[in-house]
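Spelled out from the first residue to the last, the chains are:
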Amino acid sequence: MSKLFISPSPHVYEDTTVKRLMFDVVIALLPALLFSVYFFGMGAIIVTLTAVVSCLAFEWLIQKYILKEEPSITDGSALVTGILLAFNVPTNLPIGIIIIGSLVAIGVGKMSFGGLGNNPFNPALVGRVFLLISFPVQMTSWPVPTGFSNSYTDAVTGATPLGVMKEGISAGEPVSAIMDKIPGHMELFYGHMGGSMGEIAALALLLGLGYMLFRKVIKIHIPLSIFLTIGVFTGILWLVNPESNADPIFHLLTGGVMLGAIFMATDYVTSPMSVKGMWIFGIGIGIITVAIRVFGAYPEGISFAILIMNAFVPLINMYVKPKRFGEEVKNG
Amino acid sequence: MLKTFPKGGVHPAEGKYSANSAIEVLPLPKQVSIPIAQHIGAPSKPVVTKGDKVKVGDKIAESTGFVSANIHSSVSGTVFKVDKVLDSTGYKRPCVIINVEGDEWHESIDKSTDLKKEISLTDKEIIHRINESGIVGLGGATFPSHVKLSVPDGKKIDVLIINGVECEPYLTSDHRLMLEKAEEMLVGIQILMKALGVNLALIGIENNKPDAIEHLEKLVKDYPGIEVHALKVQYPQGGEKQLIKALINREVPSGGLPLDVGAVVHNVGTAYAVYEAVQKNKPLFERVVTLTGKSVKKPSNFMVRIGTPVSYLIEAAGGLPEDTGKVINGGPMMGKALNALDVPVVKGASGILIMPAELSQRKKEVNCIRCAKCVSVCPQGLEPYLLNRLAQLEKNDKLETDGVMDCIECGSCAYTCPAGLPLLDYIRLGKSRVSQIIRSRKQ
Ligand code: SF4
Ligand code: SF4
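Everything quoted here is computed from the prediction, not taken from an experiment. (Residues numbered from 1 in each chain as written. Chains lettered and ligands numbered in written order. Predicted model: local features only at pLDDT ≥ 70, side-chain atom pairs only at ≥ 80, totals over all residues. Heavy atoms only, no water.)

K.L.:
Even after reading the chapter, I still don't get the side chain of T48 of chain A, so can you show me in this structure?
P.N.:
Residue and element names in this part refer to chain A. With respect to the helices, strands and loops of the structure, T48 is situated in helix α2 (residues 42-66). A relative accessible area of 8% places T48 in the buried class. A distance of 2.6 Å separates a polar side-chain atom of T48 from the backbone oxygen of A44. Contact partners of T48, with chain neighbours within four places excluded, come to L33, A86 and M197. (Helix = DSSP H or I, 4+ residues; strand = E, 2+ residues; numbered from the N terminus. Buried < 20%, exposed > 50% of the residue type's maximum accessible area, 1.4 Å probe, protein only. Polar contact = N/O pair within 3.5 Å; in protein donor to acceptor, adjacent residues only side chain to side chain. Contact = heavy atoms within 4.5 Å.)

K.L.:
Before we go on, may I ask you to explain the sheet that holds strand β3 (residues 45-46) of chain B in this structure?
P.N.:
Hydrogen bonds between backbone groups are what pair the strands of a sheet, and the pairing can be parallel or antiparallel. Residues and elements named next belong to chain B. Spatial ordering of the open sheet is given by β3-β5-β6, a layout of three strands whose pairing is antiparallel. Two strands lie at the open edges of the sheet, namely β3 and β6 (71-72), each paired on one side alone. Across two bridges, the pairing between strand β5 (residues 59-62) and β6 is antiparallel. Its bridge partner being in β6, A61 is matched across the sheet by I71. (Pairing = 2+ DSSP bridges.)

K.L.:
How do you make sense of the domain arrangement of chain A when you look at a structure like this?
P.N.:
One frequent convention defines the size of an interface as the accessible area lost when the parts assemble. Residues and elements named next belong to chain A. Assigned domains of chain A: these are domain 1 (18-139) and domain 2 (159-195 + 218-319). Its C-alpha centre places domain 1 at a distance of 22 Å from the equivalent point of domain 2. The interface of domain 1 with domain 2 comprises 25 residues on the first partner and 20 residues on the second. A buried area of about 1900 Å², summed over both sides, lies between domain 1 and domain 2, and 73% of it is on carbon and sulfur atoms. When residues of domain 1 are sorted by the area they lose upon contact with domain 2, F39, N122 and L125 head the list and together hold 26% of the total. Scanning the region where domain 1 abuts domain 2 turns up zero salt bridges. Here domain 1 is connected to domain 2 by three residue pairs in polar contact (both at pLDDT 80 or more). Where the side of domain 1 that touches domain 2 is concerned, the elements lending two or more residues are α1 (18-40), α3 (77-87) and α5 (123-134). The residue makeup of the side of domain 1 that touches domain 2, split by class, is 19 nonpolar, five polar and one charged. (Domains from an automatic or database assignment. Buried area = accessible area lost by both parts, 1.4 Å probe. Salt bridge = Lys/Arg side-chain N within 4 Å of Asp/Glu carboxyl O. Nonpolar A, V, L, I, M, F, W, Y, C, P; charged D, E, K, R; others polar.)

K.L.:
How do you make sense of the pairing of strand β9 (residues 159-163) of chain B when you look at a structure like this?
P.N.:
Working note: regular strand, side chains alternate between the two faces of the sheet. All names here are of chain B. Counting buried positions over the five residues of β9 gives five, a clear majority of the element. Along β9, one buried face is formed by V159, I161 and N163 and the opposite face, lined by L160 and I162, is buried too. Both β9 and strand β12 (residues 263-267) contribute to a ladder of five bridges, which runs parallel. Along β12, the bridge assignment pairs N163 with N267. Sheet topology note: the β9/strand β10 (residues 201-206) ladder contains four bridges and is parallel. Across the sheet, I161 pairs through a bridge with L202, a residue of β10.

Dropping the structure here:
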């Protein structure tokens, strides 16, 4: 027999690895990807492939030639970033712009901070917000879901339901009248609306959430606290004045809330470590999202809300600690 | 809903291959090496020298303080020498080495197997006898048992908790003991209750041992004050603090002891040893040891004399498997990897686990992805990822305020980390540094 292997305890490990977690996220994203292909056709496929390939390529190039370290693209995290970036842009976005977005997401959002685990901001959102500021026109011309077609950049475009709502409200139209111009709640639920590629189908995104919870990839706290906060906050506004505020279900189903709450805000690296911290984070995102929607210039707002709360995560982690065993003695 | 502790915990694969192997008495080896430090506290002082004749049960090393324990010969024969021998800690430490000749027991030991139910000793006498008999916590902590029974003035104990959880995967020695020596163990519990002056004893057993639960539930009807509680399977439920929380929902304060919440915890193996010491006048010189592993031919539970070489047990279980990569003294979560196989079995050894090479390597390390899984599994409510980093940076003040001393070294964090980080290695290091600082502050 060869020499005995010596190491301190524990001697057994759970089989979960970073790679498995990342691939579970990819699997959870698949239903939404399928819905997008169904609604937007070729565009969805081209945008996703471009974002994924360029994110992987940039990660590999930067690690190999700039950081001179062993490339770790097989861990799946760049793949997730690529898909999420694609999900956050319209399906008729020119390929060059997608490649620029990928470079910003990976290069600025992730690698400049030292790679996976060290980035304070969600890389895909860094890419998205950069594009939104640099290419506002292309980033806000949303193709209308026409069913599967081969059209790509010449797709018919239109506003998102949330955009229509915002415009209508600021023009003084009553909400009930605006509602007639946009799809009904059931249609919104399964994603028949204009918008960024992966944000439309609440149904598919919720399926993904179910899968991630089942596989214990994430915990429910962050999505739940965002949903509750947005629901309660917009619910109050709606009850107070239903003619100038959309109802809470509408707010939850549109403008990327599902995508943001389920897949962007739950990014491990950029969200808090303790359950209490997760609630604070989620509530913060909810409040900022609604504030931007109601008072701000953009119709949606969850991307900015997540990035703002990302910035508070180190602070939350420092001050919001899990309750220690035996810390505060209450016996009974 | 079955009871369990509320915070953290993991559920590793159980691998209880030896659960159905009845306890076998292991034949005597030719020579035993009995370490003089097998317990927490001061090492004892040898009272025999080379050439002395000893019988089974003779005292060979004497306790040197309150927190210390006597050591008795586990065999009869001649003391070969008192010398340093490599033991399960990986260091050479003083042992009494005895050549075995026959099997002659000390006259005062009652060798009969009849169950003796009536307890004639008083509480003081019981504690004295337990102290004399060298009994220590047999669950692995090896804390001298008489210390736990000597309740300081001003503390009131109202419940005795008996740990039959055996939450470590693979190990089955307590399980077998509960099945095969149940009545003796129950009398042992009554003795402990008498020593502590309590009327209530709760036996906690995880639900993966339904036969033991059923068997004991039937028997306790004749033992007033003793209750059996089935618990949900969750590691580390055998930790004192977690077990107390699970059974009586009291939380031992940080830095405190079970007696701060009116409880004392003893292991089922200890209760059995107490029965033998008090009713049969038999000091602690043998114990049940599980010898198991995925590739072991005959996973077994042996009644082993203390000081028997581990290699001897391995032979009795069918020899060392071809694919062996690691041999662990204890369970896979908290046990210690051995660097030699001829080390002696000690009082705290509940099992020897043989791991195949393919399961002996650690996971590949990657960056921490801040997934917070370590935080959610920590039964002590700590933040292992943070303690790990602070320990690496040697930030001892922060380590202390972030509770490193509360870590019970259960290993749940390192077990679960998807990035394969050896969290507990660094946390242990930080903990030992901080405890040194705390000690020097007190002086
Ligand atoms: S479990 Fe590992 S990867 Fe996850 S936060 Fe803890 S240390 Fe980091
Ligand atoms: S930090 Fe300590 S107590 Fe917490 S899981 Fe890790 S080893 Fe267990």
